[in-house]
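# Results of the structural survey
For reference, the chains in residue letters:
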Amino acid sequence: MPTLFDPLELGALELPNRIAMAPLTRARSNRDAVPNELMAAYYAQRASAGLIISEATGISREGLGWPNAPGLWNDQQVDGWKLVTDAVHRSGGRIVAQLWHMGRLVHPDLGERQPVSSSATTAPDYAHTYEGKKPYTAARAASFADIQRITADYATAARNAIVAGFDGVQIHGANGYLVDQFLRNGANFRTDQYGCSIDNRLRFMTEVLEAVGGAIGMERVGIRFSPNIYSQGVEDSDPITLFTAVAHRLERLRVPWIELREAHQPTSAGAIPTEPVSPFMRPIYSGKILLNSDYDGPSARERMALGIADGISFGRPFISNPDLVQRIALGAPLSPGDVGTFYSGGAAGYVDYPNLDEAEAA
Ligand SMILES: Cc1cc2nc3c(=O)[nH]c(=O)nc-3n(C[C@H](O)[C@H](O)[C@H](O)COP(=O)(O)O)c2cc1C
């Protein structure tokens, strides 16, 4: 059985270890969604990860509803990301861009138009805007022309990611955003070829993957799901059947890797009491599976020994432990993060978490 410290091939990517940094929105870009030197420093500090998955990155203005999150739809954003990818590569790391369309979770203050979703619905709770939290507004059901436009935007953003120096992309299919709004039947009420049956609900994801794979080569594409988490009003009545079908589809499309944010403890954020889907996907899907959520070093080692995961991705532990790989190798304690600076702020709580040797010297 491979360990966390064995190399791993994810399509075209060669990882020196199996400890990935999960995507983490940190909201340090400017209002034009352009990344900067501070972000380059943050990511470079974490370059010992086998793979860095970038924070969710908007594919278009209409698809990005998070203040100060980055984008990948114009040249300024590409130039900003070059600072990041250069810094990560100079530090010996690998980084893929997580491509994001938030669907009904884009407030018009940011998306500049009425949001689209699989169906005409309104998300529960509140949107983040530059003027604070506001109730979500009603989305309209995406027309066929919308779907074609959005799919093309994914392909353009993927090409931009490669121009910006990323080693590949991950499609954000998790956490209640647009791909998830099509996949799970708690948000998709369509009666056309994009809704109702599971086969139809997989169509949007399939078209996005085909467009992105066609643009940059499927060997540089991965996708993330959150199958047993209730996310921003999105859930499914039968996750095991749905994600078994997803596994068959990804196998057919030859998508080389997936990341599952799969709650495995009742205390995991958003966990709903359903069985994990990974044991059902594993026998069908021959690509690599990264598992995420609530792991530390010992529990990640235990999970690897069960033989389902090819690697483990860590979110919050990477925020406050830039040298997480070394800490896990040494069995060293992990530093806690400051939740108050997770989603906003400047350098504080972002690039000032010490490595083990710096912490010991202090
Ligand atoms: C500050 C913060 C930002 C996050 N941003 C993203 C994101 O941009 N994309 C995404 O797919 N998940 C995002 N997540 C979810 C994490 O990737 C991860 O699934 C979650 O933190 C659970 O893993 P952990 O227990 O290792 O932290 C975010 C989580 C946190 C705490």
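Residues numbered from 1 in each chain as written. Predicted model: local features only at pLDDT ≥ 70, side-chain atom pairs only at ≥ 80, totals over all residues. Heavy atoms only, no water.

### Examining the packing of aromatic side chains
- Taken as a whole and assessed by the stated rule, the structure comprises 10 aromatic pairs.
- Measuring from ring centre to ring centre gives 4.9 Å for Tyr42 and Tyr43, while their planes differ by 70°; the resulting arrangement is edge-to-face.
- For Tyr42, a relative accessible area of 0% gives the class buried.
- Since its relative accessible area comes to 1%, Tyr43 is described here as buried.
- Joined through ring pairs, the aromatic side chains of Tyr42, Tyr43, Trp81, Phe166 and Tyr350 make up one cluster. (Phe/Tyr/Trp six-rings, centres within 6.5 Å; stacked < 30°, edge-to-face > 60°. Buried < 20%, exposed > 50% of the residue type's maximum accessible area, 1.4 Å probe, protein only.)

### Details of the environment of Val179
- Within the element layout of this structure, Val179 appears in helix H5 (residues 178-183).
- Judged by its relative accessible area of 1%, Val179 is buried.
- Separated by 101 residues in the primary sequence, Val179 and Phe280 place their C-alpha atoms 21 Å from one another.
- Residues within four places of Val179 in sequence aside, it is in contact with Tyr154, Ile171, His172, Gly173, Phe204 and Met205. (Helix = DSSP H or I, 4+ residues; strand = E, 2+ residues; numbered from the N terminus. Contact = heavy atoms within 4.5 Å.)

### Quick look at helix H7 (residues 203-216)
- The terminal C-alpha atoms of H7 lie 20 Å apart, and with 14 residues this matches the ideal 20 Å at 1.5 Å per residue to within 8%.
- Among the residues of H7, those classed as buried are Phe204, Met205, Thr206, Val208, Leu209, Val212, Gly213 and Ile216.
- If you follow the buried residues of H7, they end up packed against helix H4 (144-163), strand S10 (168-172), H5, helix H6 (198-201), strand S11 (221-225) and helix H8 (239-253).
- Positive phi appears at Gly217, one or two residues downstream of H7, with a value of about 95°. (Expected span 1.5 Å × (residues − 1).)

### Structural notes on empty space enclosed by the protein
- Applying the stated criterion to the full structure yields 2 cavities of 30 Å³ or more.
- Forming the walls of the largest cavity are Glu62, Val106, Gly111, Arg113, Gln114, Pro115, Val116, Arg140 and Arg149.
- Here the residues of the lining of the largest cavity sort into 3 nonpolar, 2 polar and 4 charged.
- As a volume, the second largest cavity reaches approximately 30 Å³.
- Glu262, His264, Pro276, Leu291, Asn292, Tyr295 and Arg303 together form the lining of the second largest cavity.
- For the lining of the second largest cavity, the class distribution of residues is 3 nonpolar, 2 polar and 2 charged. (1 Å grid on protein atoms, 1.4 Å probe; cavity = no way out; pocket = protein on both sides within 12 Å on 5 of 7 lines; lining within 4 Å. Points joined across faces, edges and corners; volume = space filled by probe spheres on them. Nonpolar A, V, L, I, M, F, W, Y, C, P; charged D, E, K, R; others polar.)

### Description of the environment of Glu9
- Relative to the elements of secondary structure, Glu9 occurs in strand S1 (residues 8-10).
- When the C-alpha positions of Glu9 and Lys288 are compared, they lie 8.2 Å apart, and in sequence the two are 279 residues distant.
- In this structure, Glu9 is in contact with Glu14 and Lys288, ignoring residues within four places of it in sequence.

### Digging into the side chain of Asn175
- Here Asn175 lies in the loop between S10 and H5.
- On the basis of relative accessible area, Asn175 is assigned to the buried category, the value being 13%.
- At a separation of 3.4 Å, a polar atom in the side chain of Asn175 contacts the side chain of Arg261.
- Those residues in contact with Asn175 that sit more than four places away from it in its chain are Asp180, Arg224, Ser226, Ser231, Gln232 and Arg261. (Polar contact = N/O pair within 3.5 Å; in protein donor to acceptor, adjacent residues only side chain to side chain.)

### Some words on the site of the ligand
- The local shell around the ligand holds 19 residues, among which Pro23, Thr25, Asn292, Asp294 and Arg316 are the closest.
- Pro23 places a polar main-chain atom, nitrogen or oxygen, 2.7 Å from an oxygen atom of the ligand.
- Between the ligand and Arg261 there is a distance of 3.2 Å, counted from an oxygen atom to a side-chain nitrogen or oxygen.
- Considered class by class, the residues forming the shell around the ligand number 8 nonpolar, 7 polar and 4 charged. (Near = heavy atom within 4 Å.)

### What about the layout of surface pockets?
- If you add up the space inside the largest pocket, you get close to 960 Å³.
- Contributing to the lining of the largest pocket are 35 residues, with Pro23, Leu24, Asn175, Arg261 and Tyr343 lying nearest its centre.
- At the level of secondary structure, the elements contributing two or more residues to the lining of the largest pocket comprise strand S5 (95-100), strand S14 (311-314) and helix H11 (316-320).
- At 3 residues, H11 tops the list of elements feeding residues into the lining of the largest pocket.
- Its residues assigned to classes, the lining of the largest pocket comprises 16 nonpolar, 14 polar and 5 charged.

### Some points on unusual backbone geometry
- Within the chain, Asn68 stands out as a residue other than glycine whose phi angle is a positive 65°.
- As for its placement among the helices and strands, Asn68 is situated in the loop between strand S4 (51-58) and helix H2 (75-90).
- Its identity as a non-glycine residue notwithstanding, Asn175 has a phi of 60°, on the positive side.

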